[in-house]
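Coordinates in review
These are the residues of each chain, in order.
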Amino acid sequence: MVVGKIALFSPPMQRIAVFTSGGDAPGMNAHVRAVERTAQKRGLEVIGIIGGYAGMIAGHYEVLDRIRTANILDRGGTVLKTSRCEEFHKPEGRAKAVEQLRKHGIDGVVACGGDGTFHGAHFLAKEHGVRIVGTPGTIDNDLWGTDFTIGYDTAINTAAQAIDKIRDTADSHGRLFFVEVMGRHAGFIAVDVGVACGAEYIAVPETMTDIEVLYQRIMAQGLHKRTVVIVGEGDQSGGAMQLARRIEDAYGIGSKVSILGHMQRGGAPTVRDRVLAARLGAAAVDALLDGHTNVMIGEHNGDIAFVPLEQTWNQRKSVPPYLLDLATLLV
Ligand code: F6P
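Just so it is clear, the structure is predicted and the values come from calculations on it, not from any experiment.

Near the ligand you find G23, R84, I139, D140, M182, G183, R184, E233, H262 and R265, and these make up its full shell. At a separation of 2.5 Å, an oxygen atom of the ligand approaches a polar side-chain atom of E233. At 2.9 Å from an oxygen atom of the ligand is found a side-chain nitrogen or oxygen belonging to R265. Each residue belonging to the shell around the ligand can be placed in one class, and the counts come to two nonpolar, three polar and five charged. Both domains that furnish three or more residues to the shell around the ligand are identified here as domain 1 (15–151 + 269–314) and domain 2 (153–265).

Counted under the stated rule, the structure contains four aromatic pairs. Between Y53 and F88, the aromatic rings sit 3.8 Å apart at their centres with planes inclined by 20°, giving stacked as the arrangement. With a gap of 35 residues between them, Y53 in helix 2 (residues 52–58) and F88 in the loop between strand 3 (61–63) and helix 3 (91–103) connect regions that are remote in the sequence. Residue Y53 shares its accessibility class with F88, and that shared class is buried. Taken together, a centroid distance of 6.1 Å and an interplanar angle of 15° make the contact between F148 and Y152 stacked. Exposure remark for F148: the relative accessible area of 38% places this residue in the partly exposed category. The ring of F148 carries R272 above its face, with NZ or CZ at 5.9 Å from the centroid. Between K317 and the ring centre of F188, over which it is positioned, the NZ or CZ distance is 5.3 Å.

Within the largest apolar cluster, 60 residues are counted, with the highest numbers of intra-cluster contacts made by I16, I163, V181, V193, I230 and I297. Both domains that meet at this core, namely domain 1 (15–151 + 269–314) and domain 2 (153–265), each give it at least three residues. Apart from residues no more than four positions distant in its own chain, I163 is found in contact with V179, V181, V193, C197, V228, I230 and L260. The next biggest cluster of nonpolar side chains, apart from the first, holds 27 residues, and it includes I57, C85, V109 and M296.

Pairing in this open sheet of seven strands is mixed, and the strands run 3-2-1-4-5-10-11 from one edge to the other. Single-partner strands in this sheet number two, and they are strand 3 and strand 11 (303–308). When the angles between neighbouring strand axes are averaged without regard to direction, this sheet yields 30°. Pairing of strand 4 (residues 108–113) with strand 5 (residues 132–136) involves five bridges; the strand directions are parallel. Counterpart to G113 in the pairing with strand 5 is P136. In the packing of helix 9 (residues 271–289) onto the sheet, contacts are made with strand 1 (15–20), strand 4, strand 5, strand 10 (295–300) and strand 11, and the angle to strand 10 comes to roughly 140°.

Counting through the fold element by element, E200 comes out in the loop between helix 6 (188–196) and strand 7 (201–203). A distance of 2.8 Å separates a polar side-chain atom of E200 from the backbone nitrogen of V228. Those residues within four positions of E200 in sequence are excluded, and the remaining contacts are R217, Q221, R226, T227, V228 and V331.

This part is about unusual backbone geometry. Of note in the backbone geometry, N141 takes a positive phi value of approximately 55° without being a glycine. Despite not being glycine, N294 has its phi angle at roughly 60°, a positive value. Note that N294 resides in the loop between helix 9 and strand 10.

Either a parallel or an antiparallel arrangement is found when strands of a sheet pair, and the pairing is made through backbone hydrogen bonds. The sheet built from four strands is open, its strands ordered 7-8-6-9 with parallel pairing. Edge strands, defined here as strands with exactly one partner in the open sheet, are strand 7 and strand 9 (256–259). Adjacent strand axes in the sheet meet at a mean angle of 20° when their direction is disregarded. Pairing geometry for strand 6 (residues 176–181) and strand 9, over four bridges, is parallel. By the bridge assignment, F178 is partnered in strand 9 with V257. Strands in contact with helix 5 (residues 152–173) are strand 6, strand 8 (227–232) and strand 9; relative to strand 6, the strand with the most contacts, it is inclined by about 170°. Strands strand 6, strand 7, strand 8 and strand 9 of the sheet are contacted by helix 8 (residues 240–251), whose axis makes an angle of about 155° with strand 6.

Here we come to the packing of helix 5 against helix 6. Packing of helix 5 against helix 6 leaves a shortest axis separation of 9 Å and a crossing angle of 50°. Our classification of the angle between helix 5 and helix 6 gives oblique. Crossing hand, helix 5 versus helix 6: right-handed. Contacts between helix 5 and helix 6 involve Y152, I156, A159, A160 and I163 from the first element and F188, I189, D192 and V193 from the second. In terms of residue class, the contact of helix 5 with helix 6 is made up of eight nonpolar, no polar and one charged.

Turning to a nonpolar patch on the surface, a few remarks are in order. Side chains of L326, L329 and L330 sit close together on the surface and give an oily, nonpolar patch of about 310 Å² of accessible area. A residue is classified by how much of its surface remains accessible, and L329, at 65% relative accessible area, is exposed.

The rules we used
- Residue positions are given per chain, counted from 1 along the sequence in the order it is written.
- Where local features are concerned, this predicted model is filtered to residues with pLDDT of at least 70; where side-chain atom pairs are given and counted, the filter is 80 or more; whole-chain, interface and lining totals use all residues.
- Calculated side-chain values reflect all of the structure's heavy atoms, with hydrogen atoms and water omitted.
- Proximity is defined per residue: if any heavy atom of the residue lies within 4 Å of a molecule or strand, that residue is considered near it.
- Any pair of nitrogen or oxygen atoms within 3.5 Å is treated as a polar contact; in protein, a donor-acceptor pairing is required on top of that, and neighbouring residues in sequence qualify only through side-chain atoms on both sides.
- Polar here means any residue outside two lists: the nonpolar Ala, Val, Leu, Ile, Met, Phe, Trp, Tyr, Cys and Pro, and the charged Asp, Glu, Lys and Arg; Gly therefore counts as polar.
- Where a domain begins and ends is set by an automatic assignment or by a domain database.
- Any two of the Phe, Tyr and Trp rings considered here, Trp counted by its six-membered ring, make a pair once their centres fall within 6.5 Å; the pair's planes then place it as stacked at under 30 degrees, edge-to-face at over 60, or tilted in between.
- Numbering goes from the N terminus for both helices and strands, where a helix is a DSSP run of H or I of at least four residues and a strand is a run of E of at least two.
- Each residue's exposure class comes from its accessible area (1.4 Å probe, protein chains only) as a fraction of the maximum for that residue type: buried when under 20%, exposed when over 50%, partly exposed otherwise.
- Look at NZ for Lys and CZ for Arg. If either is within 6 Å of the ring centre and within 35 degrees of the ring normal, a charge sits over the ring.
- To form a nonpolar core, buried Ala, Val, Leu, Ile, Met, Phe, Trp, Tyr and Cys residues must be joined to one another through side-chain atoms within 4.5 Å.
- Here, residues are in contact when the closest pair of their heavy atoms is within 4.5 Å.
- We treat two strands as partners when DSSP finds at least two bridges between them.
- With axes taken as lines fitted to C-alpha atoms, and helix axes fitted only over the stretch in contact, angles between N-to-C directions fall between 0 and 180 degrees.
- Comment on the angle field: the value is read as roughly parallel under 35 degrees, roughly antiparallel over 145, roughly perpendicular from 65 to 115, and oblique elsewhere.
- Handedness of a crossing follows from how the near helix is turned relative to the far one, being left-handed for an anticlockwise turn of less than a right angle and right-handed for a clockwise one.
- The patch calculation keeps residues exceeding 30% relative accessible area without a salt bridge and links them within 9 Å when they carry like charges or within 5 Å when they are nonpolar (Val, Leu, Ile, Met, Phe, Trp, Tyr).
- Working definition of accessibility: Shrake-Rupley area with a 1.4 Å probe, residue cover restricted to the visible protein chains.
- Any carboxyl oxygen of Asp or Glu that lies within 4 Å of a side-chain nitrogen of Lys or Arg is treated as forming a salt bridge with it.

As structure tokens, then:
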């Protein structure tokens, strides 16, 4: 599907920029490297914007070349840094950003991040005609239109390793554990690691968490037996702490709580994340050259997908229900 193409009479591109924004995700560096290498091969100059939208406004721009992007593809975090930028939410902030893009002669932009990043990119395209494509970079995997986001595979492997360790101690002591994983709006991380780690219960925002069902599950496992409950941070219960408290208040059952938190965002990207990041980086540059704008460059069923940015947040990507059923079946 081709959407959001710019007018054919637009001048040819000479210089593009790439930036990372919102929560960092493992694989962002491999992505930046792929954008830089592809752009150079296509005869384009590449600028890295440092610090996400805040850096775009402040004018923190830096030339990227082979040397600058060498030895970064296996590193976690983002060498371009990132931010959550309040100023960019206002039209005046965006106008300042566009002024800087013009000043630095930027003809096209690759914006790697999650839904906040895509909202910003959409406004740049819509309000100011900036030629911009988004690439999905978030551990949450919650963007519609792409099967996976850059960083998700690493995050679930990191979380699974941590939960395996928690299972060891939970098993030794015969304890009930509530383990909270990230995922602000969606339970992708929770369901995948829940199945991978044999959780006794998985609480996610997509389904109602029934305290009575949870209690029955804990009792079926047996008090003083290892029981691991995975809680997605966006669950309506309010998170692992609150759920543990409710079980204690209602049934007098004590437990331990472990919140995995930001460790899920760090570390070297997995091979899958590096390959996805590389493929989408190359595709993003070619999409810009091909005239695409205001679209996400994702991957769907093995093919590159061009998805209007608005659709990535207007349509809800849901966790596969079969995974929740599978987790219940295998308890
Ligand atoms: O990047 C996504 C995410 O990790 C969410 O899972 C989490 O809710 C959020 O970012 C945390 O953001 P911050 O680091 O800004 O507190």
